[in-house]
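Observations on the three-dimensional arrangement
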Amino acid sequence: MVFAIACLGSMMSQNPLKSFMAALIGLGLATVGVDANTGVYRFTFDSVHLSDGVQFIVVVIGLFSVSEILLMLEHTSGGGKLVRTTGRMLFNFKELVHCTGTMLRSSTIGFFVGILPGAGATIASAITYMTEKRLAGPNAKFGEGDIRGVAAPEAANNASACGSFIPMLTLGVPGSGTTAVMMGALTLYNITPGPTMFTEQPDVVWGLIAALLLANVMLLVMNIPMVGLFTRMLSIPLWFLVPAIASISAVGVYAVHSTTFDLLLMVALGVFGYLLRKMHFPMSPLILGFVLGEMLEQNLRRALSISNGDTAILWSSGISQTLLVLAIAVITLPPLVRLLRRRKADPLIPDARPEQGA
C-alpha cells in the first residue's frame, strides 16, 4: 500500500506534490469515525452521523458528480454550442489497416501502464500519443487530422482499464479510480480483493474476467452502429443535463442511509472537490487514498499486534524490503531523470577561441 501511494505521486499528474496531497486528504477522510480497536471517536465533531465514518458512495458522488456539475455550470452563461457534422462518422477499411500497428502497439503499452498502481488511462494515453507521434516522423499531421492520433490514446485507454484489474485482484490495491470504486462495491458484499480471492471466491474472479471479455465484444457491436446517436447526445443542453445528473446523484446518496445529512455532506464534498479541481488537484489519488486508508490502518495494527509492538516487522521480510526499495525508487528516480535531462538540454558555454588573424 505504501508502494501504491508512492506510485501515485510519481505518475498521476505533472505535479507529484499535488497528487501526494490529494492522497493524504483521502487518507484523512478514511480516519473519520469510531476506531475499531479502541472505540474512540475520531474527527466526528460530536456528530452521530459521522460515527460510522464517511460513506464511500458519498465521497465518490460528491467529488466526481457534484464537482463536475459545478464545473458544467460555469459554461451555461455562454449558451450551448451547436454541434454540426464535419465529416464521416465511421472509418473505412483503408484507415483500419493504416491504424492496425498503432492500435496493437498502443494496446500493449496501455495494458502494462494500467498494471502500475495509480498510473491510469491518462498516463497511458499520453505515453502512446507521444510514442506514435515520434514513430510517425516529422511528416505526420498529428493534431491536424491524422487518425492515428485518435487511435493511439483510445486503444491505450481501453487496454489500461483491463490492466488496472490486475493489482486489484492480485494485491488488493486499486489500480485506478474505477477499480477503487469497484473495491468499495466488493467490500459492501464482504468480498476482500487480494491473493486469497482466487481460492475463496474463484467464481467472482473468473466471472469478472469473462465479463470483461464479453463487455468488449458487446461494446464493439453496439458502439459502431450507434455512433450517430452518441454524437447527438452532445447537443443536449446543459440546463437539462445538470438537473438530471444532480437528481440521480441525490437519489443514489439518499438511498444508502435515508438521511439528509448524507446529502449535505455530498454537497460539501462536492464544493471541496470543485475547489481542488480548480487548483488542478487530481481526484483519483484522493479516492485511492480513501480506499487504501482503512486497509492500511487495519493491516498496520494487525502487524504491530502480531509482533507485540516491534516495528521491525514492517521491513524485516524480503517482500517488504523489496516493495519499500521500489517505493523509494519510484519517488526519487523521476526527479533525478528530469534533472539530468535539464542539464543535457542547457546550452554548453562555448570555449574561448582566438580571433582570426591574431
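Residues numbered from 1 in each chain as written. Predicted model: local features only at pLDDT ≥ 70, side-chain atom pairs only at ≥ 80, totals over all residues. Heavy atoms only, no water.

Helix and strand content of the chain: 16 helices and two strands. For the chain, with 358 residues in total, the buried portion stands at 32%. A sequence separation of at least 24 residues applies to 69% of the contacts in the chain between residues at least 6 apart. As displayed, the chain has an accessible area near 22600 Å², and 67% of this comes from carbon and sulfur atoms. (Helix = DSSP H or I, 4+ residues; strand = E, 2+ residues; numbered from the N terminus. Buried < 20%, exposed > 50% of the residue type's maximum accessible area, 1.4 Å probe, protein only. Contact = heavy atoms within 4.5 Å. Areas by Shrake-Rupley, 256 points an atom, 1.4 Å probe, with all protein chains shown as cover.)

Taken as a whole, this structure holds three aromatic pairs when the rule is applied. Seen from their ring centres, F111 and F112 are 5.6 Å apart, and the 80° between their planes marks the pair as edge-to-face. (Phe/Tyr/Trp six-rings, centres within 6.5 Å; stacked < 30°, edge-to-face > 60°.)

A separate point is the nonpolar core. Ranked by size, the top nonpolar core spans 36 residues in total, and within it V54, V59, M168, L169, I287 and F290 carry the most contacts. Those elements that place two or more of their residues in this core are α2 (16-30), α3 (56-73), α8 (165-171), α9 (177-188), α11 (202-223), α14 (260-278) and α15 (284-306). With seven residues, α3 is the largest single contributor of residues to this core. Ignoring sequence-local partners within four residues, the contact set of V54 consists of L29, V32, V59, L265, L269 and F290. (Core = buried A, V, L, I, M, F, W, Y, C linked by side-chain atoms within 4.5 Å.)

Okay, the pattern of salt bridges next. In this structure the tally under the stated criterion is four salt bridges. The salt bridge partner of R42 is E297, with a shortest N-O separation of 2.7 Å. Highlighted residues: R42 in strand β2 (residues 41-42) and E297 in helix α15, separated in sequence by 255 residues. (Salt bridge = Lys/Arg side-chain N within 4 Å of Asp/Glu carboxyl O.)

Now for the side chain of S106. On the secondary structure map, S106 appears in helix α5 (residues 100-115). For S106, the residues in contact, after removing those within four places along its chain, are T128, E132, A152, A155 and A156.

With that settled, the discussion passes to α3. With 18 residues, α3 ought to run about 26 Å at 1.5 Å a step, and its terminal C-alpha atoms sit 25 Å apart, in line with that. Along its length, α3 shows its largest kink, about 35°, at G62. Within α3, 13 of the 18 residues are buried, which leaves it mostly tucked inside the rest of the structure. (Expected span 1.5 Å × (residues − 1). Bend = angle between axes of the 7 residues up to and from the residue.)

Moving on, we come to unusual backbone geometry. Residue F45 is not a glycine yet carries a positive backbone phi of 55°. Inspection of the secondary structure puts F45 in the loop between β2 and α3. Classification of F45 as exposed rests on a relative accessible area of 72%. Within the chain, H280 stands out as a residue other than glycine whose phi angle is a positive 65°. As for its placement among the helices and strands, H280 is situated in the loop between α14 and α15.

A separate point is the packing of α3 against α14. Their axes nearest at 7 Å, the elements α3 and α14 cross at an angle of 60°. Considering their axes alone, α3 and α14 lie oblique with respect to each other. Between α3 and α14 lies a crossing of right-handed hand. Residues V58, V59, I61, G62, L63, F64, V66, S67, E68, L70 and L71 of α3 form the contact with α14, whose participating residues are D262, L265, M266, V267, L269, G270, V271, G273, Y274, R277 and K278. Among the residues making up the contact of α3 with α14, the classes are represented as 14 nonpolar, four polar and four charged. (Axes fitted to C-alpha atoms, helices over the stretch in contact; angles between N-to-C directions. Parallel < 35°, antiparallel > 145°, perpendicular 65-115°, else oblique. Left-handed = near helix turned anticlockwise from the far one by under 90°. Nonpolar A, V, L, I, M, F, W, Y, C, P; charged D, E, K, R; others polar.)

Detailed reading of predicted coordinates is not advised where the pLDDT is low. Here the chain averages 78 in pLDDT, and 86% of its residues register 70 or above. The low-confidence segment residues 349-358, where pLDDT is below 50, has zero contacts with residues more than four positions distant or belonging to other chains. (pLDDT = per-residue confidence, 0-100.)

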